[in-house]
Amino acid sequence: MANLFAKVLKVHQWVYENSGGLVGHRLLFGNPTLLLRTTGRKTGQVRVSALTYGRDGDAYLVTASNGGSPRPPGWLANVKAKPECEIQVGRKRVAAVARATYPDDADYARRWAVVDKVNQGRYSAYQKLTKRPIAVVVLTPVS
């Protein structure tokens with residue numbers, strides 16, 4: 001079942017990217033989804049990830065849940081190595097700076113609540129599957 005879900009996510013991302021953002025922003029479960037474009041820390045190539053997001057003022061919040069896997073997603077290491085990235089929300093693309101936050105951050109619990117609510121509690125379920133703290137990544141648009 002997990003393999004099928006992974007394939008559905010890949011198709012969703014493909015549709016989002018190839019429609020120029022016309023389709024995909026709220027396609028899967030109705031959750032708001034953005035495309036995060038990072039630079040591969042090893043390859044230097046652009047990597048794209050479709051991620052559910054929440055809002056915190058002007059910032060976008062995403063989680064590095066990787067479905068509760070013991071390993072964080074690759075895009076997290078990419079934004080730690082090079083925080084400058086691009087986000088696409090629908091058809092709008094903007095430059096942003098990423099900052100990973102963890103439970104020791106004063107605003108983490110509030111941010112976690114925002115993204116967990118948007119994703120109908122799935123992130124809390126994912127956190128129970130892994131011992132690593134799941135990062136909430138703050139994506140701040142660059143003006």
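This text goes with the structure placed above it.
(A) Broad picture of the overall build of the chain. A count of helical and extended segments in the chain gives four helices and seven strands. Its C-alpha radius of gyration of 14 Å places the chain within 12% of the 15 Å reference for a compact globule of 143 residues. Along the first, second and third principal axes, the C-alpha atoms of the chain reach 40 × 35 × 30 Å. Within the span of the chain, comprising 143 residues, buried residues form 40% of the whole. Partitioning the contacts of the chain with sequence separation of at least 6, the portion at a separation of at least 24 is 60%. The averaged location of the 9 negative side-chain charges in the chain is 9 Å from the averaged location of its 22 positive side-chain charges.

(B) A look at the sheet that holds strand β4 (residues 59–63). Taken in spatial order, the seven strands line up as β2-β1-β5-β6-β7-β4-β3 in an open sheet, and their pairing is antiparallel. With partners counted over all chains shown, the strands left at the sheet margins are β2 (46–52) and β3 (54–56), one partner each. Neighbour to neighbour, the strand axes of the sheet diverge by 35° on average, direction disregarded. By the bridge criterion, six bridges tie strand β5 (residues 84–89) to strand β6 (residues 92–101) in an arrangement that is antiparallel. Counterpart to Q88 in the pairing with β6 is R93. Packing against the sheet, helix α2 (residues 74–81) makes contact with β1 (33–39), β2, β4, β6 and β7 (136–141), and its axis sits at approximately 55° to β1.

(C) Examining the nonpolar core more closely. In this structure, L34, L36, V62, W75, V137 and L139 are the most contacted members of the largest nonpolar core, which totals 18 residues. Not counting residues up to four positions away in its chain, the partners in contact with L34 are Y16, S49, A50, L51, Y53, Y60, V62, I87, Q88, V89 and L139. Judged by nonpolar contacts, the second largest core, of 10 residues, contains Y108, V115, Y123 and V136.

(D) Local environment of the packing of aromatic side chains. Taken as a whole and assessed by the stated rule, the structure comprises four aromatic pairs. Taking 5.3 Å as the distance between ring centres and 65° as the angle between the ring planes, the aromatic pair formed by Y53 and Y60 counts as edge-to-face. Assessed through its relative accessible area of 8%, Y53 is described here as buried. What makes Y60 buried here is its relative accessible area of 9%. Considering the side-chain rings of Y123 and Y126, the 6.0 Å spacing of their centres and the 70° angle between planes classify their relative orientation as edge-to-face. Of the two residues, Y123 and Y126 are both situated in helix α4 (residues 122–129); the distance of three residues between them amounts to about one turn of the helix. Judged by relative accessible area, which is 6%, Y123 ranks as buried. Cluster of aromatic residues (ring-pair linked, three or more members): Y108, W112, Y123 and Y126.

Rules and cut-offs
- Sequence order sets the numbering: in each chain, residues are counted from 1 along the sequence as written.
- Only residues with pLDDT of at least 70 get local features here, since the model is predicted, and only at 80 or more are side-chain atom pairs given and counted; chain-wide, interface and lining totals rely on the full set of residues.
- To get the side-chain values, all heavy atoms of the structure are used, and hydrogens and water are removed first.
- Strands here are runs of E lasting at least two residues and helices are runs of H or I lasting at least four, both read from the DSSP assignment and numbered beginning at the N terminus.
- In this setup the radius of gyration rests on C-alpha atoms only. A globule is expected at 2.2 Å times the number of residues raised to 0.38.
- Buried, partly exposed and exposed residues are distinguished by accessible area as a fraction of the type maximum, computed with a 1.4 Å probe on protein chains only: under 20%, between the cut-offs, and over 50%, respectively.
- By definition in these notes, contact holds between two residues if any of their heavy atoms fall within 4.5 Å.
- The charged-residue count follows a simple rule in which Lys and Arg add positive charge and Asp and Glu add negative charge, with His and chain termini not counted at all.
- A single reference atom marks each charge: NZ on Lys, CZ on Arg, CG on Asp, CD on Glu.
- Pairing between strands is defined by DSSP: at least two bridges between them are needed.
- Here the axes come from fitting lines to C-alpha atoms, over the contacting stretch only for helices, and the angles between their N-to-C directions go from 0 to 180 degrees.
- Definition of nonpolar core: a set of buried residues of the types Ala, Val, Leu, Ile, Met, Phe, Trp, Tyr and Cys, connected through side-chain atoms within 4.5 Å.
- The rule is short: rings of Phe, Tyr and Trp, with Trp giving its six-membered ring, pair when the centres are within 6.5 Å, and they are stacked under 30 degrees, edge-to-face over 60, tilted in between.

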